[in-house]
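Letter by letter, the chains look like this.
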Amino acid sequence: MNPDNQVYAPNVHLFAFHVWDTLSSGSNSPANSQQTALPPTSNSRINPDRLWEQCNEILQNKLNIDAKFNQTNLLYNRTTQPPGTRVNLIIEAAVNNLDFLPLAKQIKHDNQQISLTGFAQPLRISDSYALGLNLRVPEKQADRTNTPNVDLSIFREFNPDNCLLKKSVNSYFGQTLLLTAWLTEPQKAAAEEDSQYIKKLGQDCLKSFITGEDLPEFYRQGELFGSPILEYGNPNYPDEFGHILIWFFDSQTTSDIWDIYYPDFLDLCLYRHKVICAYQESRAYYSEIRKEYEKIALDIDNTFQYLQGDAAQKQQLKGAGLKEEELEHLRRKTIEMPPRAVKYTRLLIDLEIRQNTIAINAKNYQKKLNQISLDIKSKTVYNDRDTKNYSDLSFLKLFSQETCPRFSEQIKFDLGYFKHGTDLLDKAMEAIRGVVAIEEAYRDAELQATIQIVGSALGFVGIVASVAPYLIKQDPPDRKFYFPLSNIEIPSFMIVLLISLGAGFGVWIAVWAIGQLKKILPKIKQRLPFR
């Protein structure tokens, strides 16, 4: 066993977060964190208890630990869960009055008999479920002496078949994996001499922890509570490994602070993953809105290009100059566009919800950091031990001070751009309704004029029919009328009918001619050299 590859008291912490209240969390996407962006159009139901079920799968079938969540030790039923924004769901009476499910396992590794211990703690934090799962080589043995150093390859025992990775746990909001270990004295000396030593050591830990050739992307290195820490996984582009931290303790103070602020660290991880999840969902909504925007723009362009097909001919026509099929096409658009506008607006609202989610959780994240920093500063017991600045949380602050504002700014830009689509739809619907109204008003006027002409003609026919008998001389009474070139007598009623129809037709022609004259007079005036 190479002493350079040995560490003291290695730990693995899993912080996984899942949906408890889908309405409060604003989530309408499937709980499938294997996807890079969650599709907003899915209506798949989310199983809130999936996190506990998956934890049981990992404990019993992967880690071979005889422990699991069940109805006797976990508050599954919502109605029996106590109120509050942070609730421990463990039934303490069922686990020896502990606030977690204890874990224990014996393994033989590298010719060493090693006892592994740990815990699984189920929580409800606001509208989310949270799981804190820990597996470790304890610092002390039963006789209170230090446990022996172990080889880095022991991390493989904590993650058989990559069971703790994001793809296996598959929680809705995501997860953070934290690997911790104490540096040995030779390792501390090597880290002081070589600035890249900690990074190399972290890479060796990852190779032991993750089965396979692919490893997560290195993101950055810094210090937390006075000890070196490595971060893997870019929050802008989450990958299949999720968020992984490797933290090497080099002082007792780091360990003491960690023990106290473990619950706060879990809260920070929850806020962080809610922000990232909301941003990833916003990218899915962005794609959906962009497609809808392009369809709307294309449909509007095609509609008006269709209407402008024969512009020269339309200029010679009254009203909107539409053919019957064109008018019917526009009427269909006035029916089709409002539902599309509603859908588009809802997509924008969903995008705004993600923007608000980011703002709320970024604020909570920064507020929690400030509380931790102030609390550590107020405890002189830490600050008097050495010259390290244990209250410096700049490693964690980067997320709230740089990443969150960048996410918010991107969504703000997207909303500003795509809100023009709403204006475009409104103006298009207004224009189409206007064209339809003009055409229908013109056609109504034409119909009204026709009715007036026909009415006038029929009225005149009635009048003529009434007076015609008096226009035909009855003296001498034996006077008769015959069809030309024949001896066929024309009945008097037929003479009256012919006179009436002729008079009606004449009136119709006269009224029609007056209407046409009114239409062409403006054109004649426009062509005159003077007016």
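Note that the coordinates shown come from a computational prediction; the quantities given were computed from them, not determined experimentally.

A few words on the overall build of the protein chain. Each helix and strand counted, the protein chain has 12 helices and 10 strands in total. When the 531 residues of the protein chain are sorted by exposure, 45% land in the buried category. Pairs at least 24 residues apart make up 72% of the contacts formed inside the protein chain by residues separated by at least 6 positions. Of the accessible surface of the protein chain, which amounts to about 28,200 Å², a share of 54% is contributed by carbon and sulfur atoms.

Two faces make up the sheet, and in a regular strand the side chains alternate between them. Most of strand β5 (residues 128–136) is tucked away: 8 of the 9 residues are buried. Relative to β5, strand β1 (residues 6–19) runs antiparallel, the two sharing 9 bridges. Counterpart to His 13 in the pairing with β5 is Asn 134. Relative to β5, strand β4 (residues 112–125) is paired through 9 bridges, and the arrangement is antiparallel. Directly across from Ile 125, in β5, lies its bridge partner Ser 128. A loop of 2 residues connects β4 with β5, the two strands running antiparallel in sequence, and Ser 126 in this loop sits at a positive phi of about 55 degrees.

A separate point is the pattern of salt bridges. Applying the stated rule across the entire model yields 15 salt bridges. With its nearest N and O atoms 3.5 Å apart, the salt bridge here joins Lys 343 to Glu 292. One end of the pair, Lys 343, is in helix α9 (residues 324–378); the other, Glu 292, is in helix α7 (residues 252–307), and 51 residues separate them in sequence. Between Asp 375 and Lys 379 there is a salt bridge whose closest N-O contact spans 3.7 Å. Here Lys 379 falls in the partly exposed class, since its relative accessible area comes to 25%. One salt-bridge network, in which partners are shared between bridges, spans Arg 86, Asp 264, Asp 267 and Lys 368.

Residue position: Lys 274 is located in helix α7. A distance of 2.5 Å separates polar atoms of two side chains, one belonging to Lys 274 and the other to Asp 127. Looking at Lys 274, its side chain comes within polar contact range of the side chain of Ser 128, at 3.1 Å. Not counting residues within four places of it along the chain, the set of residues in contact with Lys 274 comprises Asp 127, Ser 128, Phe 173, Thr 357 and Asn 361.

This brings us to the pairing of β4. Counting buried positions over the 14 residues of β4 gives 11, a clear majority of the element. With 9 bridges joining them, strand β3 (residues 101–109) and β4 adopt antiparallel strand pairing. Across the sheet, the residue bridging to His 109 is Gln 112, located in β4.

Below, the discussion takes up the nonpolar core. Counting residues in each nonpolar core, the largest one holds 62 residues, and the members touching the most others are Phe 15 and Phe 265. Taken together, the elements giving at least two residues each to this core come down to β1, β4, β7 (174–182), β10 (243–249), α7, α9 and α11 (394–471). No other element matches α7, which puts 20 residues into this core. Core analysis: the second largest hydrophobic core is formed by 58 residues, Phe 69, Tyr 129, Ile 154 and Phe 241 among them.

How each quantity is defined
Residues numbered from 1 in each chain as written. Predicted model: local features only at pLDDT ≥ 70, side-chain atom pairs only at ≥ 80, totals over all residues. Heavy atoms only, no water. Helix = DSSP H or I, 4+ residues; strand = E, 2+ residues; numbered from the N terminus. Buried < 20%, exposed > 50% of the residue type's maximum accessible area, 1.4 Å probe, protein only. Contact = heavy atoms within 4.5 Å. Areas by Shrake-Rupley, 256 points an atom, 1.4 Å probe, with all protein chains shown as cover. Pairing = 2+ DSSP bridges. Salt bridge = Lys/Arg side-chain N within 4 Å of Asp/Glu carboxyl O. Polar contact = N/O pair within 3.5 Å; in protein donor to acceptor, adjacent residues only side chain to side chain. Core = buried A, V, L, I, M, F, W, Y, C linked by side-chain atoms within 4.5 Å.

Note that all results are geometric; they support no functional claim without further evidence.
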